[in-house]
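Spelled out, the chains give:
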Amino acid sequence: MSANPAFVDFCTRVCACVRFRPDHPSIQRELMGHLEDRYDAILEQEKGILLADAQARTVAAMGDPESLGRYLDQMHSPFWGWLQIWLRRAVWLLAAVTIVLALLRLEPLRACLTAPVQHGYVMEYRIENNGSYEILADWRPPSTLRAEDYTFSIERAILARYRRTVGADGEAGDVLSLALTLKAANINPWLRGPDLSWLYARDDLGNRYYASEEIFTTSLPNYVRKTGSAATVTYPFSSYYDVSVSGIDPAAAEVTLIFDRYGENTVFLTIPLKGGAGHG
Amino acid sequence: MKADKNLLSGSTTLLVLSLLAAGDKYGYEMIAELEAKSDDTFTLKEGTLYPILHGLENDGAVNSYEKEAPSGRTRKYYHITKKGFRLLDDKKAEWKVFSEKVNAIVAGASPATA
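All of these numbers come straight from a predicted model, not from anything done at the bench. (Residues numbered from 1 in each chain as written. Chains lettered and ligands numbered in written order. Predicted model: local features only at pLDDT ≥ 70, side-chain atom pairs only at ≥ 80, totals over all residues. Heavy atoms only, no water.)

Student: Can you tell me about the environment of Ala252 of chain A, naming the residues and giving the values?
Tutor: Position of Ala252 of chain A relative to the elements: it lies in the loop between strand 9 (238-248) and strand 10 (254-261). Sequence separation of Ala252 of chain A and Asn207 of chain A is 45 residues, and the distance between their C-alpha atoms is 8.9 Å. (Helix = DSSP H or I, 4+ residues; strand = E, 2+ residues; numbered from the N terminus.)

Student: Provide a residue-level description of the packing of helix 2 (residues 24-45) of chain A against helix 3 (residues 51-62) of chain A, including the pertinent values.
Tutor: Residues and elements named next belong to chain A. Direction vectors running N to C along helix 2 and helix 3 enclose 130 degrees, while the axes themselves pass 9 Å from each other. One finds that helix 2 runs oblique with respect to helix 3. Relative to helix 3, helix 2 is oriented so that their crossing is right-handed. Residues Leu31, His34, Leu35, Arg38, Tyr39, Ile42 and Leu43 of helix 2 form the contact with helix 3, whose own contacting residues are Leu51, Ala54, Gln55, Arg57, Thr58, Val59 and Met62. Of the residues belonging to the contact of helix 2 with helix 3, the class tally is nine nonpolar, three polar and two charged. (Axes fitted to C-alpha atoms, helices over the stretch in contact; angles between N-to-C directions. Parallel < 35°, antiparallel > 145°, perpendicular 65-115°, else oblique. Left-handed = near helix turned anticlockwise from the far one by under 90°. Contact = heavy atoms within 4.5 Å. Nonpolar A, V, L, I, M, F, W, Y, C, P; charged D, E, K, R; others polar.)

Student: Can you tell me about the packing of aromatic side chains, naming the residues and giving the values?
Tutor: Counted under the stated rule, the structure contains seven aromatic pairs over all chains. Ring geometry for Phe20 of chain A and Trp82 of chain A: centres 5.4 Å apart, planes at 85 degrees, overall edge-to-face. Within this pair, whereas Phe20 of chain A is found in the loop between helix 1 (5-16) and helix 2, its partner Trp82 of chain A is found in helix 5 (residues 78-113), the two being separated by 62 residues in sequence. According to the relative accessible area criterion, Trp82 of chain A is partly exposed, its value standing at 37%. By the ring-pair criterion, three or more aromatic residues cluster together here, those being Tyr26, Tyr65 and Tyr77 of chain B. Sitting over the face of the ring of Trp86 of chain A, Arg89 of chain A holds its NZ or CZ atom 4.6 Å from the ring centroid. One Lys or Arg, Lys67 of chain B, reaches over the ring of Tyr77 of chain B and ends 5.1 Å from the middle of that ring. (Phe/Tyr/Trp six-rings, centres within 6.5 Å; stacked < 30°, edge-to-face > 60°. Buried < 20%, exposed > 50% of the residue type's maximum accessible area, 1.4 Å probe, protein only. Lys NZ or Arg CZ within 6 Å of the ring centre and 35° of its normal.)

The analysis is restricted to geometry; functional conclusions fall outside its scope.
Okay, structure coming up:
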């Protein structure tokens, strides 16, 4: 049904006085609805009335359109109206920007959480295995330790046997070497790469393996070697260390890494050597 | 008898809120109910209802929503809020005082009975 032109004209004259244009459609719909209802009521109450008369009475019942428009204009302030519209737009824009930023940051975050294990020099050397070592075991020990909000775990361990020609005690013989990729995880992305300078090791037979920061020095018969004092690689949630314990007594069943800080020994991680003396 | 327009103008907010207190209504429905309940005593220019409703909506005394009316057409319904009920109470109290004062004066002006 097409809109009655007299009613449309009335609504147009009302809206012409309302400065806040975004509210025009709503005002027009409401007034048009009212006019239609009144018109129908007149036609029903007064059977036989001329349509033109009913239309004129309907419009007249509404009053002066300009006067009504001016009243409505006071209720539809352009200032507050536009302020609301722009605030709403600003909120939508902010939400959209937030979503876009979140999506952009999601990929690096996922990459951090699923950061690949990074092996250091010693572990890579063992993995490549140039033939000078006999690999006895390559596994992931279940040992984990929680300390100072860090979770330490061994991502990969390679136990190798090699023949030591001349040791500090002047004896030759088979010894074991344990290469480890140590992982330190922390939910705080700013707390990465804890300093593990004070690390040494001990086996179940009582032998100590002293810390050495030198990468290629092998003069100590038994030693714990790390590729530098810092982590091999750090991600926001995890750091990897390249650690190796060399000159292990073949009879040892397990090696325990010990954190010696401030003169206080803290058991760090115990790695059971698969088979221990039985490797031979 | 048609009421003086000026008498009605001060109490339209009270009348509108009273109508809405009974349930949600759209503009024409309110006008029709007002006429029916007052036996056509209250007939205001129908357009004047809308600035009142829109003003009440700006003040948070009512809120509105569009819904299909029994006629099948979509109409803008008004709903009285908690703030609207508080305003209605104030307006009722105001009206009570006002009508009492008017009645007192009108009674005093009546010719003395023998």
